[in-house]
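So you can see what is in the structure, the chains are spelled out below.
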Amino acid sequence: MLYLIGAGIYDTFETCNSVNILKDCDRIYIERFTSPISDNFIQILKSTLEPNKKIEFVKRWFVEDGRQILDESKTLNVGLVSYGDPTIATTFTELRIRAIKNEIIVKVIHAASGITSLVGESGLQIYKIGKLVTMMEEKQSSISVYTTIFNNLNLNCHTIILTEYRQDENGFVFFLKPNDVFSRLLETEKDIKFEFVSEESFLIVLSRIGTESQRIVSGKIKSLIGIDYGKGPHAIIFPSKLHFTE
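What you see is a predicted model; the values in this text were computed from it and never measured.

K.L.:
Describe the nonpolar core, with residues and values.
P.N.:
Within the largest apolar cluster, 22 residues are counted, with the highest numbers of intra-cluster contacts made by Ile161, Phe182, Leu185 and Val197. The set of elements that each furnish at least two residues to this core consists of strand S6 (133-135), helix H7 (141-154), helix H8 (178-192), strand S10 (202-207), helix H9 (221-224) and strand S12 (234-238). When residues of this core are assigned to their parent elements, the largest contribution, four residues, is made by H8. In contact with Ile161, other than residues within four places in its own chain, are Val133, Met135, Val145, Ile149, Val181, Leu185, Ala235 and Ile236. One finds Val58, Val63, Val78 and Ala89 within the second-largest nonpolar core, a separate group that totals 18 residues.

See the structure below:
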């Protein structure tokens, strides 16, 4: 059996059910590539489980390949733990579908999602959130982000811009800075000229949501671009016209 278990956005499990399931798992895998899971969470997990229970940290290719996970799930109870809610990431949705096609029982243990937390903490309405988009370090992604915001604005929808996060084999963690997102949007505006991005544009920057050091800053780009937002993860919301309840 395969369990896809959400770690939520805090340093504790959402329910005791998650702990009980992991106690019964023959294999426990944790991924940190979709979003960072804190060392404190890992320590909490290890102290909760039996001392002899092995936890393996796996890389992106291991989960995307999925063959070992699926093979083991045919005869063993396998738990795959990820940040937030596991059904948000396309990698886990694809793995779930493959497991079902191979007649492997899959159970999803849902948890608080980083996406819905961004909406709730910002005070915006979930009904007005449009298509999500991610700004990557590669400059080509700026065009995709720019056009997504434009299309959402035409529908009077807010745009959540996730920023790139990655961790290499040596443990180096990279977070794309919000300042880079602002600069790239302004540069793309100069090239495409849809005339909706300027230094007067109002944005919301959300950093480390769900942690004790979370920070939310809003304002015009000209006042936001010089701020040091610290360690990630970061997200930016480009609002459309606000509803009176917002």
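After presenting the structure, the write-up continues.
K.L.:
Tell me about H7, and please be specific about residues and values.
P.N.:
For H7, which comprises 14 residues, the first-to-last C-alpha distance of 20 Å matches the rise-based estimate of 20 Å (1.5 Å per residue) to within 8%. Packing partners of the buried residues in H7 comprise S6, strand S7 (159-163), H8 and S12. Positive backbone phi, at 60 degrees, marks Asn156, one or two positions downstream of H7.

K.L.:
Kindly report on the sheet that holds S12, identifying the contributing residues and their values.
P.N.:
In spatial order, the strands read S6-S7-S12-S10-S11; together these five strands make up an open sheet with mixed pairing. Two strands in the sheet have a free side with no partner beyond their single neighbour: S6 and strand S11 (215-220). Taken over all neighbouring pairs, the strand axes of this sheet differ in orientation by 25 degrees on average, direction set aside. In terms of strand pairing, S7 meets S12 through four bridges, oriented antiparallel. Residue pairing for S12: Leu162 is matched across the bridge by Ala235. Helix H6 (residues 114-122) rests against S7, S10, S11 and S12 of the sheet, and its axis sits at about 125 degrees to S7. Contacts from H7 reach S6, S7 and S12 within the one sheet, and its direction differs from that of S6 by about 145 degrees.

Each value, and the rule that gives it
Residues numbered from 1 in each chain as written. Predicted model: local features only at pLDDT ≥ 70, side-chain atom pairs only at ≥ 80, totals over all residues. Heavy atoms only, no water. Core = buried A, V, L, I, M, F, W, Y, C linked by side-chain atoms within 4.5 Å. Buried < 20%, exposed > 50% of the residue type's maximum accessible area, 1.4 Å probe, protein only. Helix = DSSP H or I, 4+ residues; strand = E, 2+ residues; numbered from the N terminus. Contact = heavy atoms within 4.5 Å. Expected span 1.5 Å × (residues − 1). Pairing = 2+ DSSP bridges. Axes fitted to C-alpha atoms, helices over the stretch in contact; angles between N-to-C directions.

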